[in-house]
Amino acid sequence: MEKIRDILIIGGGASGLACAVSASYTVGNLDIVIADRMPKVGKKLLVTGNGRCNLSNVNVSEKFYHGTVDVSPLISELPDIRPFMGTMGLFTYADTAGRIYPLPNTAASVSDALRFAVRARGVSVLTDCDCSHIKKTGGHFSAVTSLGEIKARAVVLACGGMAAQVHGSNGSGFKLAESMGLELNRPYPALCPLTAEGTKGLEGLRAACKAELVCNGKTSASERGEVQFTKSGLSGICIFNLSACLNKDGCSIRLDLAPDYLMGELKAMLSSAVRLRSGCEVQDCFTGIFARQLVLYLLKRTGIAPTKYVSKLSKKEIAVFAETAKGLFFKITGKSDFASAQVTAGGIKGKEIDTDFMAKKVKGLFLCGEILDIWGCCGGYNLHFAFASGIKAGKSAANFLR
């Protein structure tokens, strides 16, 4: 008789690895196998957080998440994943913004901790193992993979979404879930740069701003942080967060380049600079307030000649300069694709799973991580969900078999 494993986990990323460790902690001596389509598990983890792996946040809350999955029960049960990481010998610290990083400051240390724990718990790992089909027959599942058929009493789909496909997930998990009768909300790129008109002259500049997404004259969402200007548009954490709120055409980004000052305060600062640098050209006058590259750009947008002497600058021109700096608009022309996205928005609908992350329609089938219709803001929230949902799904799958 062909061997039937206890748990097959399809996907060896953050959620899949955490799932395997959690299941092995919950019930001992389980026959667990991870099947991953990449040559090495945990590959995407290595590029998270610019190679530092911002794995969670001390301020985890449902307000930082969007989608159809209700994360409240999960956050109540697992508000802090640091104890779980500690069981694997991984120690962490939190920065002043609450972002949690591994103590060595390398994503490799997180990947190593999970891989070593999986090996220590006796979990089998199959790499270069692409799963193309799955079905349930009787009391077990059968998965067709590039390495042959794998049978298991329970299956966990931890296949990820479609973001950064070069590092792992390619959307195949959605097809597997749909083939089992689960419904999907259309996946789209989230936490990604935006393409926009009018950034020529600002390439490479970074500026602290308040950024607002404006659609049909109304502010849809706002963020505060550093904006990075590129040849094709806008980037940076606050732009990433706004990108996932963009679901229609005809929108713009409005930047306040002096978010700590009221309009009257900025005008007073500019007027003071005019008095103190009365012998200068305008292009040299405001460099104590804004970066020179930004000054030149704002002068161009306001139609003020950069070589104009400050003594000839009118109060109206100063006011226009201030108003432009406090409300600089860029028309959005699109989003970057999945290759540049940090996460996938959309996915398997929240109504398809119960609080144990088991499919309501298919007993013994569990889902965790980015395959589900949930995404978080930048700051460690997405990896927190990946780890926490993996931990929960692993525990649930083990208890299901018990």
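Given the structure is predicted, the values throughout are model-derived calculations rather than measurements.

Colleague: Just checking my understanding: could you explain the overall build of the protein chain for this structure?
Modeller: Per the secondary structure count, the protein chain includes 11 helices and 20 strands. Taken along the three principal axes of its C-alpha coordinates, the protein chain extends 90 × 40 × 35 Å. For the protein chain, buried positions account for 53% of its 402 residues. In the protein chain, the share of contacts with a sequence separation of at least 24, taken over all contacts with a separation of at least 6, comes to 73%. Here the protein chain displays about 17400 Å² of accessible surface, and carbon together with sulfur accounts for 51% of that area.

Colleague: Would you take a moment to explain the pattern of salt bridges for this structure?
Modeller: A side chain with one charge can pair with a side chain of the opposite charge if their charged atoms come near. Enumeration according to the criterion identifies 21 salt bridges in this entry. Among the salt bridges present, the one from R82 reaches D80, with a minimum N-O distance of 2.9 Å. Two residues, R206 and E226, come together in a salt bridge whose shortest N-O distance is 3.1 Å. With R206 in strand β13 (residues 206–215) and E226 in strand β14 (residues 218–229), the pair connects residues that are 20 residues apart, well separated along the chain. Through salt bridges with shared partners, a single ionic network connects E77, D356, K392 and K395.

Colleague: Honestly, the packing of helix α1 (residues 14–26) against helix α4 (residues 107–120) in this entry has me stumped. Any pointers?
Modeller: The relative placement of two packed helices is expressed as an angle between their axes plus a distance between the axes. Where α1 contacts α4, the two axes come as close as 9 Å, and the packing angle between them is 40°. When you trace α1 past α4, the crossing you get is left-handed. On the side of α1, the interface is formed by L17, A18, A20 and V21, while α4 contributes L114, A117 and V118. For the contact of α1 with α4, a count of residues per class yields seven nonpolar, no polar and no charged.

Colleague: It is not clear to me how the state of the cysteines should be interpreted in this structure. Could you clarify?
Modeller: Defined simply, a disulfide is a covalent bond joining two cysteines at their sulfur atoms. With the rule as written, the count across this model stands at one disulfide. Between the sulfur atoms of C215 and its disulfide partner C251 the distance amounts to 2.1 Å. Between C215 and C251 the disulfide shows an S-S torsion of about 115°. By sign, it is right-handed. Of the two residues, C215 is situated in strand β13 and C251 in strand β16 (residues 251–256); the sequence distance between them amounts to 36 residues. Here C209 is not disulfide-linked; the sulfur of C238 is the nearest cysteine sulfur, at 6.7 Å. In this structure C209 comes out as buried when scored by relative accessible area, which is 1%. With no disulfide of its own, C378 has C377 as its nearest cysteine by sulfur position, at a separation of 7.5 Å.

Colleague: What exactly am I supposed to notice about helix α9 (residues 292–302) here?
Modeller: Helical geometry note: an α-helix holds 3.6 residues per turn, so side chains three or four residues apart project in the same direction. Among the residues of α9, those classed as buried are L294, V295, Y297, L298, L299 and T302. Elements that come into contact with the buried residues of α9 comprise α8 (282–285), α10 (315–326) and β17 (328–335). A positive backbone phi angle near 80° is found at G303, which sits one or two residues after α9.

Colleague: It is not clear to me how the side chain of T302 should be interpreted in this structure. Could you clarify?
Modeller: Within the secondary structure layout, T302 lies in helix α9. Engagement of the side chain of T302 in a polar contact is seen with the backbone oxygen of L299, the distance being 3.1 Å. Setting aside its immediate chain neighbours within four residues, T302 contacts V320, F321 and T324.

Colleague: Explain the pairing of strand β8 (residues 131–137) here, please?
Modeller: Bridging between β8 and strand β9 (residues 140–145) involves six bridges; their strand directions are antiparallel. Bridge pairing links I134 to A143 in β9. What sits between the antiparallel neighbours β8 and β9 is a turn of two residues, in which G138 has the positive phi angle 65°.

Colleague: Can you walk me through the sheet that holds strand β5 (residues 92–94) in this structure?
Modeller: Hydrogen bonds between backbone atoms are what pair the strands of a sheet, whose relative direction is either parallel or antiparallel. Spatially, β3-β6-β5 is the arrangement adopted by the three strands of the open sheet, whose pairing is antiparallel. Here the strands that pair on one side only, and so sit at the sheet edges, are β3 (56–57) and β5. Relative to strand β6 (residues 99–102), β3 is paired through two bridges, and the arrangement is antiparallel. Along β6, the bridge assignment pairs S56 with I100.

How each quantity is defined
Residues numbered from 1 in each chain as written. Predicted model: local features only at pLDDT ≥ 70, side-chain atom pairs only at ≥ 80, totals over all residues. Heavy atoms only, no water. Helix = DSSP H or I, 4+ residues; strand = E, 2+ residues; numbered from the N terminus. Buried < 20%, exposed > 50% of the residue type's maximum accessible area, 1.4 Å probe, protein only. Contact = heavy atoms within 4.5 Å. Areas by Shrake-Rupley, 256 points an atom, 1.4 Å probe, with all protein chains shown as cover. Salt bridge = Lys/Arg side-chain N within 4 Å of Asp/Glu carboxyl O. Axes fitted to C-alpha atoms, helices over the stretch in contact; angles between N-to-C directions. Left-handed = near helix turned anticlockwise from the far one by under 90°. Nonpolar A, V, L, I, M, F, W, Y, C, P; charged D, E, K, R; others polar. Disulfide = S-S within 2.5 Å. Polar contact = N/O pair within 3.5 Å; in protein donor to acceptor, adjacent residues only side chain to side chain. Pairing = 2+ DSSP bridges.

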